[in-house]
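Descriptive analysis of the structure
If you want the building blocks of each chain, they are given just below.
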Protein chains: 2
Amino acid sequence: MNDISPRRSGGRAARRASRAAPLDKSLRPVRPGMEGGFYKPLSDQDVDRIHEAALRALEEIGLCDAPESGVAYLTSVGCIAGDDGRVRFPRHVVEKALETACREITLYSRDGENDLKLSGNRVHFGTAGAAVNMVDVEGRNYRDSTVQDLHDAAKIVDTLENIHFLQRPMVCRDIPDNREMDLNTIYASCSGTTKHIGTSFTEPDFVDDALKMLHMIAGSEEAWRAKPFMSNSNCFVVPPMKFATEACQVMEKCIEGGMPVLLLSAGMAGATAPSTVAGAIVQAVAECLAGLVYVNAIKPGYPAIFGTWPFGLDLRTGAMTGGSGEQALLTAGCAQMHNFYGLPGGAAAGMTDAKLPDMQAGWEQMCSNVLAGIAGLNMVYESVGMHASLLGFCHESLILGDDMIGHAQRVLRGIEVDDATLGLDQMAEVCLGGPGHYLGTDETLSRMEKDYVYPSLGDRTSPKEWAEIGKPDLNNKAIERKEEILAKPSKAAFPPELDAALREAFKIHLPPQ
Amino acid sequence: MNDISPRRSGGRAARRASRAAPLDKSLRPVRPGMEGGFYKPLSDQDVDRIHEAALRALEEIGLCDAPESGVAYLTSVGCIAGDDGRVRFPRHVVEKALETACREITLYSRDGENDLKLSGNRVHFGTAGAAVNMVDVEGRNYRDSTVQDLHDAAKIVDTLENIHFLQRPMVCRDIPDNREMDLNTIYASCSGTTKHIGTSFTEPDFVDDALKMLHMIAGSEEAWRAKPFMSNSNCFVVPPMKFATEACQVMEKCIEGGMPVLLLSAGMAGATAPSTVAGAIVQAVAECLAGLVYVNAIKPGYPAIFGTWPFGLDLRTGAMTGGSGEQALLTAGCAQMHNFYGLPGGAAAGMTDAKLPDMQAGWEQMCSNVLAGIAGLNMVYESVGMHASLLGFCHESLILGDDMIGHAQRVLRGIEVDDATLGLDQMAEVCLGGPGHYLGTDETLSRMEKDYVYPSLGDRTSPKEWAEIGKPDLNNKAIERKEEILAKPSKAAFPPELDAALREAFKIHLPPQ
């Protein structure tokens, strides 16, 4: 009875005082890179069977359409180029690549404040995609996305604590020239946020110019190579089991230029991948293992993210769907495979089929995000803002997504169990002659900020308070927040001389902000 | 190579034909009672520590305020009544109760079509609560809830495939007399749905009349006792660590009357329970173990659901919050404890703090629901329709919740891994001389209905189609569906003679429908 008998502890005033000070980054209730991995939709045996099936698919089916350079790299490490145009991957070749593959990747931020350390089950949430539309929430409308929209998205991401990186979420449809679009994507993104950026390149030829721009932004080629703050989202395969010839050439250029690569296999279950969750994972794993062999044949240990991104399909219509339960399983299952290989990995979660930020958007986005988190996915791509099965990006939804991801991260943080959290002392103090409640105990007050996550725009008022403040609408609150953010200058804006130099060297479409 | 070489399989026409027939209940992609348990937020050691702490709390702190009858029952099995008014529970007494406790509970439906079999990690979703307001979505308004609202909720639940039971979600505020309210709650619920119903009683005295009504509805006392289709949601404790005297007396009456009991401990973390997730779980477990000892002292092996329902609190304001990440962890952690004990258990999930069915409602409701599911919670209470931190119930949200729960159940079903789902044969067939895609393969078509869950109101149109059909609003679709459902007569309506007899025997407030 002794150690749980009632006691009076001092120091409440001191704790109140310390709580009033802003929380150090390390004390925040949630943060980038928290560890998941306690949700395992696959049994160990299932994982082995998927691995074995992927190895057999590589050995027996192989991939076609590698560029000549790729065939040379692949055969140099023991792959077999068949008469049927397919490169096949003997098991030992894959195993060798797995041995040499990079297992800890740092995705740098431009200012060093938001570097992402990919390893183990450390989880990060961010945007991604190639939406062709902007969602106009006020007008309930879809319209072409522009370079200004992309820059605005970058500015918004820069302000959101729970969004850890910006992968280019939409296509600048106001820039018809592909080279200009790719370069302006970099300009608009980097001038909007210093967080890590992911982008794509339409053609291998565009990579040189992109690197030139990145060297200028970094200050020098050496500075860029020391801390590359942009990675290449590379759709190196056209599922099923075909290399994307040009994207492979882009990949080779990016590796040469020191840009980390996301090996992205985006099969659609039921169309370009098997219709079963397990089968779609097998194929995605096989394709990414092929990519891994390729990358490690070029440069052993080069940072490459294992990007198994199988998507779901509505089999009734043949249209893509990103917001299903099947999608959440596809993504969580992939996370478990990444963890099995011990490779930094990423996949898509948080997509919704809803057209607007409505209740459907909320439940669909949360489901795959929280499961990806607790499954320990290193890079949760597409996690916020992505509507209409990837066709539309929504700034308001992105802003609301910050609350949603904070919530998912709180789950990811999990349940701490130790003497203090078990709370037996406190329980005795409260119940045995104490106040009979825990309001205002030291333990309660001290945990108010460091353990609990509070929504920023999410509403917690009582119905009475809600009526008194005019029954605020969630989407209108997001519109207001968007306008506030966009009215301020970008913290990531380039210094005037650099900006002038970039505008001199490249045709920049984004007007001076 | 042999077993994955290309092949042509017959039978596609036969499969198409079989698919056109309505799916047998057993073949539906999701169903009540699917097994969870593959999400474990607590380590085995954490579980042990929580169990040990709960045992110590029972042994050293105990509970006060048991009714005299309760003290007699409890001391009869070895509990110790102390001079301080607290009953303490020696470890061996708790262990004995755990040995004799009922481990498989059937919660019957009135028509036998929707019986719930509680055991292992079998998961069921339903309503619950004691909301005092109805959410008027069209008018963006909160108003007092009525007996008609309750009946309508029951009718709606009866039509929703993924909502497995109706626990009384709201209070009939148009019936000021508590006895009449309790009896009319039964009448309004049972005349709206044949699914299993949960309800509460304000005073022990009301139970006799309730049983009389239930015997009439069942046809006889024997029929009622053979398959009791209603359980008693019983808040037998006032946390922290106090019995609720009157509720305990209600419980004794219900046990006598053959009504299964939900032992509901609803502490609020930071107010009536420790502010830590682990501590709130410890206290809830201790309280429910006390209830278990109580029930098994009255009648060994009597069906009692282990209802650890800790709620979250917004520590900034001291107001309850049901939609947080902390809440999802509280509930999932409790599910793991139920599983540790091998006891049928229930907890609250799916609550939202949002006032209306908006994006916040979606993400908050999904988060705790899907996690409760994969944690293997037998009874997920409050899973749909519950807004404003339990203060408001919403029919439209309930209807949309059917889609949300279908989605969560698809996740719960998990990933099947076998030769067919791994799909290596199919992959070879498609890639090696085949069509190069999986659209229309036998495997894809055969899985279209039995593997995939499709939303009913959730939108999957393309932006173009969406515009063409007039940009439907999700909440308006739910309003329309509600009106359709409520326009039809209740399938659970009592036969005219029974209805007349009930109206003769009791003051029924619900007008003939």
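Here goes a summary of the coordinates provided.

Rules behind the numbers
- Residues numbered from 1 in each chain as written.
- Chains lettered and ligands numbered in written order.
- Predicted model: local features only at pLDDT ≥ 70, side-chain atom pairs only at ≥ 80, totals over all residues.
- Heavy atoms only, no water.
- Helix = DSSP H or I, 4+ residues; strand = E, 2+ residues; numbered from the N terminus.
- Rg over C-alpha atoms; globule rule 2.2 N^0.38 Å.
- Buried < 20%, exposed > 50% of the residue type's maximum accessible area, 1.4 Å probe, protein only.
- Pairing = 2+ DSSP bridges.
- Expected span 1.5 Å × (residues − 1).
- Least-squares fit on C-alpha atoms with pLDDT ≥ 70 in both.
- Contact = heavy atoms within 4.5 Å.

**Quick notes on the overall build of chain A**
The helix and strand inventory of chain A stands at 19 helices and 20 strands. On C-alpha atoms alone, chain A measures out to a radius of gyration of 24 Å, which is about the 24 Å that the 2.2 N^0.38 rule sets for 513 residues. Each of the three principal axes of chain A carries a C-alpha extent, and together these read 85 × 55 × 50 Å. By residue count, 64% of the 513 residues in chain A fall in the buried class.

**Points about the pairing of strand β14 (residues 304-308) of chain A**
Residues and elements named next belong to chain A. Counting buried positions along β14 gives five out of five residues, so the element sits mostly inside the fold. Of the two faces of β14, the one holding A304, F306 and T308 and the one holding I305 and G307 are both buried throughout. Where strand β13 (residues 261-265) and β14 come together, five bridges link them in parallel fashion. When the bridges of β14 are listed, V261 appears paired with A304.

**Examining helix α2 (residues 44-61) of chain B**
All names here are of chain B. For α2, which comprises 18 residues, the first-to-last C-alpha distance of 25 Å matches the rise-based estimate of 26 Å (1.5 Å per residue) to within 8%. Among the residues of α2, D46, V47, I50, H51, A53, A54, L55, A57, L58, E60 and I61 are the ones counted as buried. G62, located one to two residues past α2, shows a positive phi value of around 65 degrees.

**A word on the relation of the copies chain A and chain B**
Superposition record for chain A on chain B: RMSD 0.0 Å, screw rotation 180 degrees, translation along axis 0.0 Å. The superposition of one copy onto the other is thereby described by a two-fold rotation axis. Looking at chain A, 100% of its interface residues are interface residues in chain B too, so the copies touch through the same face.

**Re the sheet that holds strand β19 (residues 386-387) of chain B**
Residue and element names in this part refer to chain B. Pairing is mixed in the open sheet, where four strands are placed in the order β9-β8-β20-β19. The strands lining the two open edges of the sheet, one partner per strand, are β9 (141-144) and β19. Relative to β9, strand β8 (residues 133-136) runs antiparallel, the two sharing four bridges. Bridge pairing in β9 places M134 opposite R143.

**Observations regarding unusual backbone geometry**
Residue A:P240 is bonded to the preceding A:P239 through a cis peptide linkage, with omega at 5 degrees. Locating A:P240 in the fold gives a position in the loop between β12 (230-234) and α9 (245-257). Unlike most non-glycine residues, A:D65 shows phi in positive territory, near 70 degrees. Looking at the element boundaries, A:D65 is found in the loop between β2 (63-64) and α3 (68-76). In this structure, B:K471 takes a positive phi of about 50 degrees despite not being glycine. Position of B:K471 relative to the elements: it lies in the loop between α17 (463-468) and α18 (474-487).

Function cannot be read off these values alone, since they describe shape.
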